[in-house]
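Listed below are the residues making up each chain.
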Amino acid sequence: MTTHDVIIIGLGAMGSAAACELARRGQRVIGLDRFDEGHDRGSSHGASRIIRLGYFEHPSYVPLLHRAYERWRELEAKSGRKLLQITGIIETGLPESNLVKGTLTASRLHNLDHDVLDAKEVMRRFPAYKLTSDYVGVWQPQGGFLQADAAVSTHLMLAQSAGADIRRGETVTAIEPHGSGVRVITDRGSIEASVAIVCAGAWAKKLLPHLAAPLRPTRQVFAWFEPRDKALFAPERFPVFIMESAHGNHYGFPIDQWGVKVGKHHHFDETVDPDTYDRTVSRADEEAIRAMLAEHMPQANGAVVTAKTCLYTMMPDSDFVIDHAASNIIVASPCSGHGFKFAPVVGEILADLAIGGSSRHDISRFRLGRFGEK
């Protein structure tokens, strides 16, 4: 007889949200993570993550985003913590760019509030920008950012208050079927449960080596720059942004206590081992980010205040993986560098799968069957 209903492996954005939702529903939950809370070894740490509705990746994400916004606001109400900051978002690029075309497709299909601005109007409204006349911008007033570390800690706080057992510094070495449930082997012993949910990010493939999904950990870098004119980068003049240019896709945030945070989406797309990858930030890393600033946001192109690395877990199609890997093992990798904003609705989906085997949310796009998994 098992002593737990669900064991969750990995307590980042998705694992913490699943623990919170399952405990709220009265499940006996145990959550494990090999690292301390707030660690910088994975994909969920840091001060901020973008949230937006007009989704250039694919319009099918928009219904999940509507639910995610609802759940983030519910989380704020329950915790008394401010987690979601609405600044609007401006997405700029050439009219034929994937970013602009994709955002407009999703916005029009789902009747989302948005405006298309020519380059002159973008620069008038947001004077930090320097654009050539062939650029356009898509403005979405609902965009903004989430307080990433605070979001994870809030989910875990509420999970524990609802009875979840949260354990840090415990490394999982194996997950195996056991009777009608699962047994999880750790460096401290073994734990049995009815269902296991693997939310281990870049380590998921190591824990589930036979998984058909070709999960690929990649190294990412983001940095805070000291702007030459700080007033240009206040939230009311410089909202959250994504830009597709000749230098790649870049994203960033209004000024905070460290400066203007900017990263290059996918960076060098280098495949790494999450246990051994280079966590130092090189001059080449900095230049990959700075090139866009020099051309399109010159007033942000100041000294680097600090820079950090993180991990994306990439899929060939850039979509998520949320599915049963076995009858009593669920894998959740809302990944490819755009998952954090979905955390509370993914937690809801994972609770549905763990308790009832299916979810009212449409997750057909995220099934393992697209990789030949039976």
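As a reminder, the structure under discussion sits directly above these lines.
Residues numbered from 1 in each chain as written. Predicted model: local features only at pLDDT ≥ 70, side-chain atom pairs only at ≥ 80, totals over all residues. Heavy atoms only, no water.

The next point concerns the layout of surface pockets. Of the voids in this model, the second largest pocket is the one considered here, and its volume is about 210 Å³. Lining the second largest pocket are 13 residues; nearest its centre among them are Phe56, Glu57, His265, His266 and Ser318. Classifying every residue of the lining of the second largest pocket by side-chain character gives 1 nonpolar, 7 polar and 5 charged. (1 Å grid on protein atoms, 1.4 Å probe; cavity = no way out; pocket = protein on both sides within 12 Å on 5 of 7 lines; lining within 4 Å. Points joined across faces, edges and corners; volume = space filled by probe spheres on them. Nonpolar A, V, L, I, M, F, W, Y, C, P; charged D, E, K, R; others polar.)

Quick look at the sheet that holds strand β8 (residues 144–147) now. The strand order across the open sheet built from 3 strands is β3-β8-β4, with neighbouring strands paired in antiparallel fashion. Of all the strands in the sheet, just β3 (48–51) and β4 (84–86) have a single pairing partner and so form its edges. Across the sheet, the mean angle separating the axes of adjacent strands is 30° when strand polarity is ignored. Bridge count for β3 against β8 is 4 bridges, and the pairing is antiparallel. Its bridge partner lying in β8, Ile51 is registered against Gly144. Packed onto the sheet, helix α2 (residues 62–79) meets β3, β4 and β8 and runs at close to 120° relative to β4. Sitting on the sheet, helix α5 (residues 148–161) is in contact with β3 and β8, with an inclination near 50° to β8. (Pairing = 2+ DSSP bridges. Helix = DSSP H or I, 4+ residues; strand = E, 2+ residues; numbered from the N terminus. Axes fitted to C-alpha atoms, helices over the stretch in contact; angles between N-to-C directions. Contact = heavy atoms within 4.5 Å.)

Glancing now at the environment of Pro254. Relative to the elements of secondary structure, Pro254 occurs in the loop between β15 (248–252) and β16 (260–264). Between the alpha carbons of Pro254 and Phe241 there is a distance of 8.7 Å; along the sequence they are 13 residues apart. Residues contacting Pro254, with those up to four places away along its chain left out, are Thr87, Phe145, Phe233, Ala234, Pro235, Phe238, Pro239, Val240 and Gly259.

To continue, consider the pattern of salt bridges. All told, the structure shown has 31 salt bridges when counted by the stated rule. Here the salt bridges do not stand alone but share partners, grouping Glu21, Arg24, Arg25, Arg67, Glu70, Arg71, Glu74, Glu348, Asp352 and Arg360 into one network. (Salt bridge = Lys/Arg side-chain N within 4 Å of Asp/Glu carboxyl O.)

Applying the stated rule across the entire model yields 19 aromatic pairs. Summarising the aromatic geometry, the rings of Trp72 and Phe340 are spaced 6.3 Å apart at their centres and angled 5° between planes, so their arrangement reads as stacked. Taken together, the positions of Trp72 in helix α2 and Phe340 in the loop between β19 (329–333) and α8 (343–356) put the pair 268 residues apart, joining distant regions of the chain. Both residues of the pair, Trp72 and Phe340, belong to the buried class. Between the aromatic rings of Tyr129 and Phe241, the centroid separation amounts to 6.4 Å while the plane-to-plane angle is 85°, which identifies the pairing as edge-to-face. Of this pair, Tyr129 sits in the loop between α4 (119–125) and β7 (136–140) while Phe241 is found in strand β14 (residues 240–245), placing the two residues 112 residues apart along the sequence. Phe241 carries the same exposure label as Tyr129, and that label is buried. Each member of the aromatic cluster is reached from another via a ring pair, and the members are Phe126, Tyr129, Trp139, Phe233, Phe238 and Phe241. (Phe/Tyr/Trp six-rings, centres within 6.5 Å; stacked < 30°, edge-to-face > 60°. Buried < 20%, exposed > 50% of the residue type's maximum accessible area, 1.4 Å probe, protein only.)

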